[in-house]
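So you can see what is in the structure, the chains are spelled out below.
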Amino acid sequence: MTRLRRDSLHLLGTVAPGALCILVFLVAPSIYLMGMAFLSTDATGLPALPLSVQAFRELAGFGFLGWSPGNLYTLLRSLWQTLLATVLVILIAYPAAYYISIRPARWRPVLLLAVVVPSWTNQVIRSVGWMNLFAPGTPISDLAVLLGITEPRMGLFPSQFAVIVGLVYNFLPFMVLPLYAAFERLDHAQVEAARDLFASPLAVFRHAVLPQTLPGLMAGTVLVAIPAFGMYVVTELLGGGKATMIGNLVAQQFAAASNWPLGAAGALIMILATLLGLWVLRRLGRRLGGDREVVI
Amino acid sequence: MGAQRPDRGRDKASVVVRGVSRVFPGDLRALDRISLEIHAGEFFTLLGPSGCGKTTLLRLLAGLEVPDAGEVEIGGRAMAGVPAHRRSVNTVFQSYALFPHRNVRQNIAFGLEMQRVSPAAIARQVDEIAELIDIGALLERPVDALSGGQRQRVALARALVNEPAVLLLDEPLSALDAGLRSRLQVDLKRLQQRLGMTFVFVTHDQEEAMVMSDRIAVLDEGRIAQVGSPQAIYERPEDVFVARFMGHENLLAVTRHDAGGVETALGRFEGGFAAGTHLLLRPEALTLHADAPPGSSGNGFLARVEECLYRGAATDYRLRCGEVPIAARVTNAGRSQPGVGDTIWVEVAPDSAATLNARRHTG
Ligand SMILES: Nc1ncnc2c1ncn2[C@@H]1O[C@H](COP(=O)(O)OP(=O)(O)OP(=O)(O)O)[C@@H](O)[C@H]1O
Ligand SMILES: [Mg+2]
């Protein structure tokens, strides 16, 4: 009996602080947000009773002027831009992380630092940097005009292209770091065993390298895709209204448009979409990792 | 691509190694101008102490390592430029190198999958090999839930199931307990004879090497010290290194050599010995007597018994003659035996002694 009590006290002592933090900083705001999403707005746009699904109707595009697909497009665009940016980040980060991992040991920290240092400055500043590079009349924009990618005097900014570049640039370090960690731990014996067992270079990658780097890839994908999906700074600055994402929509409702229930409904949809994305990722991880649970 | 099955087993292949060297950074000569000829269908063992280059030589045969000089031929084909996955050679790795994200069955099936064998045939072959190696009950287990010995057997099955022309085994039995080990030694040997595969087997256990091999190559710091049958290597080691590695302790420095015999610290031994720096007395070829027997050849000496180690079938004696320690092994046949402290006459049969040279390769 006393032992049981001691054990439960011990458990309480170790778990309680963390549980309390989660309760205060995560569960409570979420409940608050969920509640907010089901309120209606008063004449000034502030949240008010009674409970309704008004916000979700608005989010789905039903307004005073009938139905418009704008918000749905924003949601789809968010998904598409997130997917595109994540895939591009993977395509750049995977070889980069591998390359860094095979450099002599004294160079690796330097190269990693080179990847990470840019993210020490403010997102806004970095986006403004891209704005300057992509503005009409810059060499890069002129080159794009020459190649027929963009209209004369239009520049590459603002555009969806600029947004994607901004997203990829922003989130690259979050993919490189976990992948680098995975490559550094790579068990080369498995690679050799696969080669010895008749695996072609491609099959070696598929069966001996990919499964080993999968946890890093999954972690990176989560670290990139979730914030990218909610991103609004980059889209705001580099998209110029041409590539708004659901993050912008939500931010707008809480700020200028001051329709908090609509913003909360948007945030709720974001959370649901994120959970769905995680579930898909997990399934994918299990397929690629040979039925072994890949923890993300 | 690796899609097509490389020439299947049963077409056993010979292995020829010509003047192969492998030098690692820091001028570390892991292999130094090695030449070997391994016959098709032979059970060939590389024997040597840790770090002598056994694993490096196997890796060269498997194609996982490229020689800095010399050439390798397998089945009469030059292997220069042939990548590992195009060689009909499989390896049982010293570190097992199993795939942790695949279960036992999937691990064993890997090589067959890569060769596009049909799933039904794969299932059948995996079951067969698992039965043979006695891991049938483990097939659906994840490999990280296995003991060291179980992993080693999975590694063995994973390579064997492909029935390659040449199978490379890097200390494949080192993690097994004595019983399983001696059983698998016999099983492996039988399997090799039945399938007719060429086995290149690595061990640093000289008894295991003798039990299993058709021929043994003893490696010494990247060079070959001696190649021969187990009997030749044990009974007629060519230098002191080989003799010591085969477990011989009775090596007496030769002080004088002539046509009629040799002189050592234990006196003169008559016989037509070849020139050499040391005289080897095999422990089991010494006989112990209370006195010099009548009709003794005179090849013998008096010694004091310091220790008796009873080993069941035989007893090992540690003797001392002056300053020189001598080991003798006597089969236990119910005779009365000398005890500790006794002074006895050690008779050396004429054919039980041989001269040999100091380590040939150093200096
Ligand atoms: N990749 C490498 N880089 C540098 N040196 C190496 C490398 N591989 C092996 N060596 C060196 O080459 C020598 C031979 O190594 P090898 O692994 O072939 O020995 P081994 O006979 O298999 O030993 P063991 O019985 O301990 O397995 C050793 O001195 C080792 O340190
Ligand atoms: Mg080794």
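It should be emphasised that the depicted structure is a prediction, and the values quoted were computed from it without experimental measurement. (Residues numbered from 1 in each chain as written. Chains lettered and ligands numbered in written order. Predicted model: local features only at pLDDT ≥ 70, side-chain atom pairs only at ≥ 80, totals over all residues. Heavy atoms only, no water.)

### Considering the overall build of chain B
In terms of regular secondary structure, chain B is built from eight helices and 21 strands. Projecting the C-alpha coordinates of chain B onto the three principal axes gives extents of approximately 75 × 45 × 35 Å. Within chain B, the proportion of its 363 residues that are buried is 54%. Carbon and sulfur atoms form 50% of the exposed surface of chain B, whose accessible area is close to 15800 Å². Averaging the positions of the 41 positive and the 44 negative side-chain charges in chain B gives two centres separated by 6 Å. (Helix = DSSP H or I, 4+ residues; strand = E, 2+ residues; numbered from the N terminus. Buried < 20%, exposed > 50% of the residue type's maximum accessible area, 1.4 Å probe, protein only. Areas by Shrake-Rupley, 256 points an atom, 1.4 Å probe, with all protein chains shown as cover. Lys, Arg positive; Asp, Glu negative; His and termini not counted. Charge placed at Lys NZ, Arg CZ, Asp CG, Glu CD.)

### With respect to the environment of Leu179 of chain A
Residues and elements named next belong to chain A. Along the polypeptide, Leu179 turns up in helix H7 (residues 160-184). With a relative accessible area of 0%, Leu179 lands in the buried category. Separated by 85 residues in the primary sequence, Leu179 and Tyr94 have C-alpha atoms spaced 6.7 Å apart. Residues within four places of Leu179 in sequence aside, it is in contact with Ala93, Tyr94, Ala97, Thr213, Gly216 and Leu217. (Contact = heavy atoms within 4.5 Å.)

### Examining the sheet that holds strand E17 (residues 300-310) of chain B
Residues and elements named next belong to chain B. An order of E16-E20-E17-E18-E19 is seen for the five strands of this open sheet, with the pairing classed as antiparallel. Taken across any chain shown, the strands that pair with only one partner, and hence form the sheet edges, are strand E16 (286-289) and strand E19 (324-331). The average angle at which neighbouring strand axes cross in this sheet is 45°, direction not considered. Relative to strand E18 (residues 314-321), E17 runs antiparallel, the two being bridged by six bridges. Bridged to Glu307 within E18 is Arg318. (Pairing = 2+ DSSP bridges. Axes fitted to C-alpha atoms, helices over the stretch in contact; angles between N-to-C directions.)

### Structural notes on the packing of aromatic side chains
Both the distance between ring centres and the angle between the ring planes are used here to describe each pair of aromatic rings. Across all of its chains, the model carries 14 aromatic pairs over all chains by this definition. Ring centres of Phe43 of chain B and Phe199 of chain B lie 5.4 Å apart, and the angle between their planes is 40°; this geometry places the pair in the tilted category. With Phe43 of chain B in strand E3 (residues 43-47) and Phe199 of chain B in strand E8 (residues 198-203), this pair connects stretches of sequence that are 156 residues apart. As far as the burial class goes, Phe43 of chain B and Phe199 of chain B line up, both buried. One aromatic cluster is present, formed by Tyr94, Tyr98, Phe183 and Phe205 of chain A through successive ring pairs. Positioned above the aromatic ring of Phe99 of chain B, the side-chain terminus of Arg158 of chain B is 5.0 Å from the ring centre. (Phe/Tyr/Trp six-rings, centres within 6.5 Å; stacked < 30°, edge-to-face > 60°. Lys NZ or Arg CZ within 6 Å of the ring centre and 35° of its normal.)

### Considerations on the pattern of salt bridges
Considering all chains together, one arrives at 30 salt bridges over all chains under this definition. Between Arg105 of chain B and Asp127 of chain B there is a salt bridge; the shortest N-O distance is 3.1 Å. With Arg105 of chain B in helix H2 (residues 104-114) and Asp127 of chain B in helix H3 (residues 119-133), this residue pair connects regions lying 22 residues apart in the sequence. Given a relative accessible area of 22%, Arg105 of chain B falls into the partly exposed group. Given a relative accessible area of 37%, Asp127 of chain B falls into the partly exposed group. In this structure, Glu140 of chain B engages Arg105 of chain B in a salt bridge whose closest nitrogen and oxygen atoms are separated by 3.0 Å. Residue Glu140 of chain B is located in the loop between H3 and helix H4 (148-160), and its partner Arg105 of chain B is located in helix H2; the two are separated by 35 residues in the primary sequence. Salt bridges linked by common partners bring Glu192 of chain A together with Arg22, Arg59, Glu65 and Asp68 of chain B together as one network. (Salt bridge = Lys/Arg side-chain N within 4 Å of Asp/Glu carboxyl O.)

### Thoughts on the domain arrangement of chain B
With domains assigned, chain B is organised as domain 1 (15-235) and domain 2 (249-356). Here the C-alpha centroids of domain 1 of chain B and domain 2 of chain B sit 39 Å apart. (Domains from an automatic or database assignment.)

### Details of helix H1 (residues 54-62) of chain B
Residue and element names in this part refer to chain B. Burial analysis of H1 places seven of its nine residues in the buried class, the great majority of the element. Those residues of H1 that sit buried are Lys54, Thr56, Leu57, Leu58, Leu60, Leu61 and Ala62. Following H1 by one or two positions, Gly63 adopts a phi angle in the positive range, close to 90°.

### Things to note about the pairing of E3 of chain B
All names here are of chain B. With five of its five residues buried, E3 lies for the most part within the structure. In the sheet, E3 pairs with E8 via five bridges, with the strands oriented parallel. For Phe44, the partnering residue across the bridge sits in E8 and is Val200. One ladder, built from four bridges, connects E3 with strand E9 (residues 215-220); its direction is parallel. Paired with Phe44 across the bridge in E9 is Arg215.

### Overview of the site of ligand 1
All names here are of chain B. All residues in the neighbourhood of ligand 1 are listed as Phe24, Leu28, Ala30, Ser50, Gly51, Cys52, Gly53, Lys54, Thr55, Thr56, Gln94 and Glu171. At a separation of 3.0 Å, an oxygen atom of ligand 1 approaches a polar backbone atom of Gly53. Residue Glu171 places a side-chain N or O atom 3.3 Å away from an oxygen atom belonging to ligand 1. Relative to its unbound accessible area of 630 Å², ligand 1 is 63% covered by the protein chains. Put simply, the parts of the chain that give the shell around ligand 1 at least two residues each are strand E2 (28-38) and H1. If you tally residues by element for the shell around ligand 1, the top one is H1, at three residues. Counted by class, the shell around ligand 1 contains four nonpolar, six polar and two charged residues. (Near = heavy atom within 4 Å. Polar contact = N/O pair within 3.5 Å; in protein donor to acceptor, adjacent residues only side chain to side chain. Nonpolar A, V, L, I, M, F, W, Y, C, P; charged D, E, K, R; others polar.)

### Considerations on the side chain of Arg102 of chain B
Among the secondary structure elements, Arg102 of chain B is positioned in the loop between strand E6 (89-92) and H2. Here Arg102 of chain B falls in the buried class, since its relative accessible area comes to 9%. Among the polar contacts made by the side chain of Arg102 of chain B, one reaches the main-chain carbonyl oxygen of Gln106 of chain B at a distance of 2.8 Å. Once you skip the residues sitting within four places of it in the chain, Arg102 of chain B turns out to touch His207 of chain A together with Asn107, Phe110, Glu113 and Val143 of chain B.

### Section: the coordination of the magnesium ion (ligand 2)
Only Thr55 of chain B (OG1) and Gln94 of chain B (OE1) from the protein reach the magnesium ion (ligand 2) as donors, at distances of 1.9 to 2.4 Å. Here Thr55 of chain B, found in helix H1, pairs with Gln94 of chain B, found in the loop between E6 and H2; they are 39 residues apart in sequence, far enough to count as distant. (Donors = N, O, S within 2.8 Å, 3.2 Å for Na, K, Ca; no water.)

### Observations regarding the sheet that holds E8 of chain B
The strands making up a sheet associate through hydrogen bonds between their backbones, and the pairing can be parallel or antiparallel. All names here are of chain B. Reading across the sheet, the six strands line up as E6-E7-E8-E3-E9-E10 and stay open at both edges, with mixed pairing between neighbours. Looking at the sheet topology across the chains shown, the edges are occupied by E6 and strand E10 (223-228). Between one strand and the next, the sheet's axes are offset by a mean angle of 20°, whatever the strand orientation. Two elements, E9 and E10, share five bridges in a ladder whose sense is antiparallel. Counterpart to Val218 in the pairing with E10 is Gln226. Helix-sheet contacts for H1 involve E3, E6, strand E7 (166-170), E8 and E9, and the interaxial angle to E7 is about 155°. Against the sheet, helix H5 (residues 178-195) engages E3, E7 and E8, with an angle of about 155° to E8.

### Let's talk about the nonpolar core
Residue and element names in this part refer to chain B. Counting 84 residues, the largest nonpolar core has Leu36, Leu46 and Val166 as its most contacted members. Beyond its immediate sequence surroundings of up to four residues, Val166 is in contact with Ala13, Val15, Ile74, Ser88, Val89, Asn90, Thr198 and Val200. If you look at the next biggest cluster of nonpolar residues, it comprises 40 residues, including Leu112, Val117, Ala130 and Leu169. (Core = buried A, V, L, I, M, F, W, Y, C linked by side-chain atoms within 4.5 Å.)

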